[in-house]
Amino acid sequence: MRLKDFNIVYQIARTELRVIFYSPVAWLILVVFAVQCGFSFCDVIWPAIKSQSLGYEVQALTGSVFTSGKGIFGDLFKNVQGTLYFYIPLLTMGLMSREFSSGSIKLLYSSPVTSAQIILGKYLSVMIYCAVLLGVILVYVGLGALTIGHMDGTLIFSNFLGMYLLICAYAVIGLFMSCLTSYQVVAAIGTLAFLSFLNFIGGVGQEIPLVRDITYWLALNGRVGLFVAGMINTENLIYFLVVIAAFLLLSVWRLQAVREKQPGRKKML
């Protein structure tokens, strides 16, 4: 990709990011996410401080506060990993649906930009917002550094990487769903339904080896387990990158199919 192409992608991302932050939904998600992380942090750190004040020895506090089931990165319903997919449909539902419904997509089609540049620019804006969203956790990492002796920084980094890859995978699926319809509510419901399926499919048919392998491959959140445990696994890293690239390609194909007015059967293919 040439420097000119990068500049076009950057301009699209900058415009979309401005639209995102002008929306009250984006700020509401940030506030709710911060409060959610605060509750998770306090639920774990307060009992540990209380036990320490009573003279009991507290061990592996970094894992307890951040990576355990009740920790900030935990997989319980009230924690980041367990509820992350609820935020994404609200964020991605208007990425392309808004362009279709308002008719502004015609301006993009008439301008000297390609479908790939449009999709990459939209996705880059969401990636930046997701980084800001997870950046909220840095506040609690700072609080943890002040209260936890010898905090394991590599474990925190591994968790951040896993969560960021997961939320980027969720976002690209939401972007693709937004390319399929001009109705934002339909895009949000479709994204939520698909992400819910990917989150719960990991627990289906665990007693059957073949089904267990298939469901493990489909469950996006199941791939984060090793990152949460502190291990950056190359296979899972490549898995997330392949999922992101695949849905970006599908989104480009979908946009190109609309742009070129292709026959219905070819669009479905």
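Check the entry above for the structure.
Predicted model only: the values in this text are computed from it and were never measured.

(A) The overall build of the chain, seen in detail. The secondary structure content of the chain amounts to 14 helices and 0 strands. Beginning at the N terminus, the succession of helices and strands in the chain can be written as α-α-α-α-α-α-α-α-α-α-α-α-α-α. Every one of the 269 residues in the chain was classed for burial, and the buried ones make up 46%. Of the contacts made within the chain by residues no fewer than 6 positions apart, 72% connect residues no fewer than 24 positions apart. When the accessible surface of the chain is totalled, it reaches about 14,100 Å², and 70% of it is carbon and sulfur.

(B) Expanded view of the side chain of E16. Tracing the backbone through its elements, the reader meets E16 in helix α1 (residues 3-22). A distance of 2.6 Å separates the side chain of E16 from the side chain of R98, its partner in a polar contact. Apart from residues lying up to four places away in sequence, E16 is in contact with L95, R98, E99, K122 and S125.

(C) Representation of the packing of aromatic side chains. Within the structure shown, the criterion is met by 6 aromatic pairs. For the ring pair F33 and Y87, a centre distance of 6.0 Å and an interplane angle of 85° mean the geometry is edge-to-face. Taken as a pair, F33 in helix α2 (residues 24-53) and Y87 in helix α4 (residues 80-92) lie far apart in primary sequence, 54 residues in all. Overall, Y87 belongs to the buried group, its relative accessible area being 12%. Each residue in the set F21, W27 and Y129 is aromatic and connected to the rest through ring pairs, giving one cluster.

(D) Geometry of the pattern of salt bridges. With the rule as written, the count across this model stands at 3 salt bridges. For the salt bridge of E99 with K122, the shortest nitrogen-to-oxygen distance reads 2.5 Å. Of this pair, E99 sits in helix α5 (residues 97-102) while K122 sits in helix α7 (residues 115-135), placing them 23 residues apart in sequence. Here the two residues E99 and K122 agree in accessibility, since each one is buried. Through salt bridges with shared partners, a single network forms among E16, R98, E99 and K122.

(E) Highlighting a nonpolar patch on the surface. On the surface, V31, V35 and F39 cluster together into a nonpolar patch covering about 290 Å² of accessible area. Residue position: V31 is located in helix α2.

Cut-offs and rules
- Within each chain, residue numbers correspond to sequence positions counted from 1 in written order.
- In keeping with the predicted nature of the model, local features appear solely for residues at pLDDT of at least 70, side-chain atom pairs appear and are counted solely at 80 or more, and the whole-chain, interface and lining totals rest on all residues.
- Working from all heavy atoms in the structure, the side-chain values ignore hydrogens and water.
- In this text, helices come from DSSP runs of H or I with a minimum length of four residues, and strands from runs of E with a minimum of two, each type numbered from the N-terminal end.
- The rule is simple: take the accessible area with a 1.4 Å probe, protein chains only, and divide by the maximum for that residue type; under 20% is buried, over 50% is exposed, in between is partly exposed.
- In what follows, a contact means two residues having at least one pair of non-hydrogen atoms within 4.5 Å.
- Where accessible areas are quoted, they stem from the Shrake-Rupley method and a 1.4 Å probe; at the residue level, only the protein chains shown are allowed to cover.
- The term polar contact refers here to a pair of N or O atoms within 3.5 Å; inside protein, the definition further demands a hydrogen-donor-capable atom paired with an acceptor-capable atom, and it admits residues adjacent in sequence only when both atoms are side-chain atoms.
- Centres within 6.5 Å are what make two rings of Phe, Tyr or Trp a pair, Trp counting through its six-membered ring; a difference in plane orientation under 30 degrees is then read as stacked, over 60 as edge-to-face, and the rest as tilted.
- The term salt bridge refers to a side-chain nitrogen of Lys or Arg lying within 4 Å of a carboxyl oxygen of Asp or Glu.
- In this scheme, patches are assembled from residues that exceed 30% relative accessible area and form no salt bridge. Like charges are connected within 9 Å, while nonpolar side chains (Val, Leu, Ile, Met, Phe, Trp, Tyr) are connected within 5 Å.

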